[in-house]
Amino acid sequence: MSSSNLPAERSCGSGNRLETETRCPAIIARSEHGISRKQMSPNALRILYRLKDNGFVGYLVGGCVRDLLLGREPKDFDLVTNATPNQVKRLFRNCRLVGRRFRLAHLHFQNEIIEVATFRSLAADERESEPEEAAGAGQRQRHPRMLKDEDGMILRDNVYGTPAEDALRRDFTVNSLAYTIADFSIIDYTGGLADLKACIIRTIGDPAVRFQEDPVRMLRAVRFAAQLGFTIERNTRTALTAAADTIVRAAPARLYEEMLKLFLSGEGVRCYELLRQTGLFGALFPVFSDWLCAESEGFPHTRFGEMLNHVDCRIQQGDVVSPPLLLALLFGDYIDQKAERFRCQGLPWQQSVNAAVAEFMGETCPIVMIANRVGIALRDIISQQTRLKKIPGRRPETFIARHDFNDILDYCRITCGNKKELAARLDWWTAQALQPAPVPLPAEQTEKTGTPERKKRRRRRRNPHPKSGAKGV
Ligand code: ATP
Ligand code: MG
């Protein structure tokens with residue numbers, strides 16, 4: 001970790017309570033930290049200056065300040081302001097308001113979208129709504145802006161707040177730092193800078209309460225610890241381990257998004273270790289987790305680790321791994337084993353894979369909601385790999401033109417191990433895909449099949465009334 005942008009001294013005490021509405025923040029002056037405007041998105045800076053010129057307060061917040069201080073390149077630049085979403089919209093023509101419950105302003109630029117949020121608070125709903133909203137609402141009853149369920153999980157939090165309240169409603173101290181262009185200082189309400197220097201992930205406030213409010217924060221703690229090489233602070237970790245089973249209360253679609261972020265972070269192996277140690281993995285994937293642990297001689301465990309390691313290497317090299325390919329690499333062996341079971345029951349291979357993927361989706365989706373289209377893409381990767389084992393096969397050019405050809409090829413190559421003959425065929429497919437002209441078959445294949453020229457087949461007429469059109473997933 002490069003810590004060149006961190007100030008030399010601890011500039012503030014480590015705060016961990018939510019009672020600090022009136023607390024003065026620690027201010028880290030421009031001369032004490034190494035963050036420069038050159039490292040920031042010019043669009044984000046433009047927004048901050050326009051807000052300031054129009055009399056509003058605007059800060060860079062969250063992950064981008066954390067990453068800039070650590071000398072890492074921020075993934076995105078998030079802004080907060082005291083301007084309401086409608087006021088932001090009036091200032092920027094490229095602004096679109098999104099979210100029905102949390103009104104956020106998205107500012108669209110050629111190559112990025114910058115999110116501008118209004119300062120929010122965790123406090124109960126006592127504030128006035130925006131004049132425009134109140135007028136629009138007419139006689140309609142106004143919904144509460146802050147709503148928790150009986151277990152303390154936040155269902156809605158859209159109460160405007162002060163900069164201090166906004167910092168304190170964030171998840172971890174290291175994610176609550178703000179940068180202002182008013183004097184280029186960093187504002188720290190929670191002791192985030194001290195934790196950043198000590199490489200600690202610590203919730204703001206009581207960790208048990210914060211994980212109860214939003215169980216997804218547990219996965220975020222794991223991801224930041226793994227990605228940044230930080231440790232999870234002792235109380236935070238104890239509360240996380242105790243609450244791990246409650247992760248299933250989070251929305252399944254959110255858990256899927258977080259799962260992708262964890263395993264595509266480039267530190268998937270470390271994420272997996274932490275998920276296992278804390279009990280989160282077993283809670284997220286109960287059936288699969290049992291399968292991983294039950295198999296003899298640790299085979300699936302080792303294999304799962306190898307696949308994650310492979311994904312990490314690719315991400316670290318700057319390659320993209322698509323969600324279906326990730327799922328195929330992580331769950332392919334498990335699905336293969338299910339498919340084998342169906343095959344032994346007499347189903348043909350393709351239908352066995354369909355049934356296996358459908359069973360896997362049925363087990364997984366109630367907790368981690370894999371979108372149906374991703375499930376279909378996963379099924380195709382697993383079932384289509386058999387086509388790569390024959391060369392040239394039927395209509396190779398049509399196969400190569402498939403949008404998921406590279407995923408199928410990658411999956412087959414990564415999972416084929418030391419099978420030399422298969423590797424040679426995969427090389428042929430790779431070359432075929434890269435070359436505009438047909439690539440000659442490997443010698444052993446030419447001997448067997450002669451020339452790749454095939455007799456033109458008569459196309460079969462489609463049955464206009466198929467008995468079953470279902471495709472599995
Ligand atoms: P990265 O973008 O690198 O994954 P990040 O910290 O920027 O990390 P985002 O998801 O972009 O993460 O969120 C931006 C900021 O919003 C966070 O830094 C944090 O302050 C706040 N935040 C995000 N999710 C939550 C949450 N579940 N609870 C409280 N605060 C959150
Ligand atoms: Mg971010």
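Preceding block: the structure.
Heads up: these notes are all about the structure in this document. (Residues numbered from 1 in each chain as written. Chains lettered and ligands numbered in written order. Predicted model: local features only at pLDDT ≥ 70, side-chain atom pairs only at ≥ 80, totals over all residues. Heavy atoms only, no water.)

1. Re the packing of helix 15 (residues 323-344) against helix 19 (residues 405-415)
Where helix 15 contacts helix 19, the axes come no closer than 10 Å and their chain directions differ by 55°. Relative to helix 19, the element helix 15 lies oblique. The hand of the helix 15/helix 19 crossing is right-handed. For the pair helix 15 and helix 19, the contacting residues are Leu325, Ala328, Leu329, Gly332 and Asp336 in the first and Asp407, Asp410, Tyr411, Ile414 and Thr415 in the second. Residue composition of the contact of helix 15 with helix 19, grouped by class: five nonpolar, two polar and three charged. (Axes fitted to C-alpha atoms, helices over the stretch in contact; angles between N-to-C directions. Helix = DSSP H or I, 4+ residues; strand = E, 2+ residues; numbered from the N terminus. Parallel < 35°, antiparallel > 145°, perpendicular 65-115°, else oblique. Left-handed = near helix turned anticlockwise from the far one by under 90°. Contact = heavy atoms within 4.5 Å. Nonpolar A, V, L, I, M, F, W, Y, C, P; charged D, E, K, R; others polar.)

2. Side note on helix 19
Burial runs high along helix 19: eight of the eleven residues are buried. For helix 19, the full list of buried residues reads Phe405, Asp407, Ile408, Leu409, Tyr411, Cys412, Ile414 and Thr415. Phi turns positive one or two residues past the end of helix 19, at Gly417, with a value near 65°. (Buried < 20%, exposed > 50% of the residue type's maximum accessible area, 1.4 Å probe, protein only.)

3. Some thoughts on the site of ligand 1
Residues in close proximity to ligand 1 total 16 residues, the closest being Lys75, Asn175, Asp214, Arg217 and Arg223. A distance of 3.2 Å is found between a nitrogen atom of ligand 1 and a backbone nitrogen or oxygen belonging to Asp171. At a separation of 2.8 Å, a nitrogen atom of ligand 1 approaches a polar side-chain atom of Arg217. Here ligand 1 loses 83% of its free accessible area of 590 Å² to cover by the protein chains. If you list the elements that add at least two residues to the shell around ligand 1, you get helix 2 (63-69) and helix 8 (216-228). (Near = heavy atom within 4 Å. Polar contact = N/O pair within 3.5 Å; in protein donor to acceptor, adjacent residues only side chain to side chain. Areas by Shrake-Rupley, 256 points an atom, 1.4 Å probe, with all protein chains shown as cover.)

4. Comments concerning the sheet that holds strand 1 (residues 26-28)
The sheet built from eight strands is open, its strands ordered 1-12-11-2-3-6-5-4 with mixed pairing. Of all the strands in the sheet, the pair left with one neighbour each is strand 1 and strand 4 (95-98). Geometrically, the sheet is characterised by an average inter-axis angle of 30° between neighbouring strands, direction not taken into account. Bridging between strand 5 (residues 104-108) and strand 6 (residues 113-118) involves four bridges; their strand directions are antiparallel. Across the sheet, the residue bridging to Leu107 is Ile114, located in strand 6. Those strands touched by helix 1 (residues 42-53) are strand 2 (58-61), strand 3 (78-81), strand 5 and strand 6, and its axis lies near 150° from that of strand 2. (Pairing = 2+ DSSP bridges.)

5. Here's the deal with the side chain of Thr203
Checked against the element boundaries, Thr203 lands in the loop between strand 13 (200-201) and helix 7 (207-213). Under the relative-accessibility criterion, Thr203 is labelled buried at 1%. At 3.2 Å, the side chain of Thr203 and the backbone oxygen of Gly205 are in polar contact.

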